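Here is what each chain is made of, one letter per residue.
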Amino acid sequence: GRGRKQGETLKRLVMSFDSVMELLVRHQRDFELVFEESVSAGLVKIEKGKFKAGRREFQVLIVPPCELIHRDSALLVKRLLEAGGKFLVFGDLPARDHDDREILSELLPAFRKALQNGRALQVPERSAISRERLLAALDRLHPPSLELECAFREQVVCREWRFEDGAACFIANLGRESGA
């Protein structure tokens, strides 16, 4: 029935969301989770083609697989794209907002232009793209802010936060290996 389908959809989206975050972490891509409530509250802005949340500034907005998006968030994506910002979406662009209103037609023109200009990348949810090709595309759009050189680098989590008055770095070896 309907409840079962919604449960399966939610499970698929959570698994996809987790795999996107794991891909970013394991390949040293700095990211921050920004919730739609922050967008609606006006805590997130677009300035000079960059995504700003509080004191943090991001070069790329990444949207994991989702079926719905708040209208405020969709309009923020549109403003980012129109301002020359970079955008990465896993899966399809959300077609409807949380009030079940169509939103895709408002996003598509700016998204298509960004795709043509190399400022956007869309990775199909069930993509057959190889990990190497995906990482090469990600390198063009969202290169790592900090890279580690070691044989087991996918087991090491490295996060860097830059602020107006300094930076902080977190490094953790999640594996059992050590050495160079």
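Coordinates for the structure precede this section.
Values in this document were obtained by computation on a predicted structure and should not be read as measured data.

Engineer: Where do I start with the overall build of the chain in this structure?
Structural biologist: When you go through the chain residue by residue, the secondary structure sums to five helices and 10 strands. Per-residue burial over the chain gives 37% buried out of 180 residues.

Engineer: What am I meant to see in the packing of aromatic side chains here?
Structural biologist: Both the distance between ring centres and the angle between the ring planes are used here to describe each pair of aromatic rings. In this structure the tally under the stated criterion is two aromatic pairs. For the ring pair F51 and F58, a centre distance of 6.2 Å and an interplane angle of 55° mean the geometry is tilted. With a relative accessible area of 10%, F58 lands in the buried category. On the basis of an interplanar angle of 90° and a centroid distance of 5.8 Å, the ring pair of F87 and F111 is categorised as edge-to-face. Separated by 24 residues along the polypeptide, F87 in strand β6 (residues 86-90) and F111 in helix α4 (residues 104-116) bring together distant segments of the chain. You'll find F87 and F111 in the same group, each marked buried.

Engineer: Explanation requested: the pattern of salt bridges in the structure shown.
Structural biologist: Taken as a whole and judged by the stated rule, the model has seven salt bridges. A salt bridge links R71 to D97; its shortest N-O distance comes to 3.2 Å. Highlighted residues: R71 in helix α3 (residues 71-82) and D97 in strand β7 (residues 96-97), separated in sequence by 26 residues. Since its relative accessible area comes to 1%, D97 is described here as buried. Linking R101 and D99 is a salt bridge whose minimum nitrogen-to-oxygen distance equals 3.4 Å. A relative accessible area of 38% places R101 in the partly exposed class. Residue D99 is classed as exposed on the basis of its relative accessible area of 56%.

How each quantity is defined
Residues numbered from 1 in each chain as written. Predicted model: local features only at pLDDT ≥ 70, side-chain atom pairs only at ≥ 80, totals over all residues. Heavy atoms only, no water. Helix = DSSP H or I, 4+ residues; strand = E, 2+ residues; numbered from the N terminus. Buried < 20%, exposed > 50% of the residue type's maximum accessible area, 1.4 Å probe, protein only. Phe/Tyr/Trp six-rings, centres within 6.5 Å; stacked < 30°, edge-to-face > 60°. Salt bridge = Lys/Arg side-chain N within 4 Å of Asp/Glu carboxyl O.

From the geometry alone we can't say anything about function, so treat these as descriptive.
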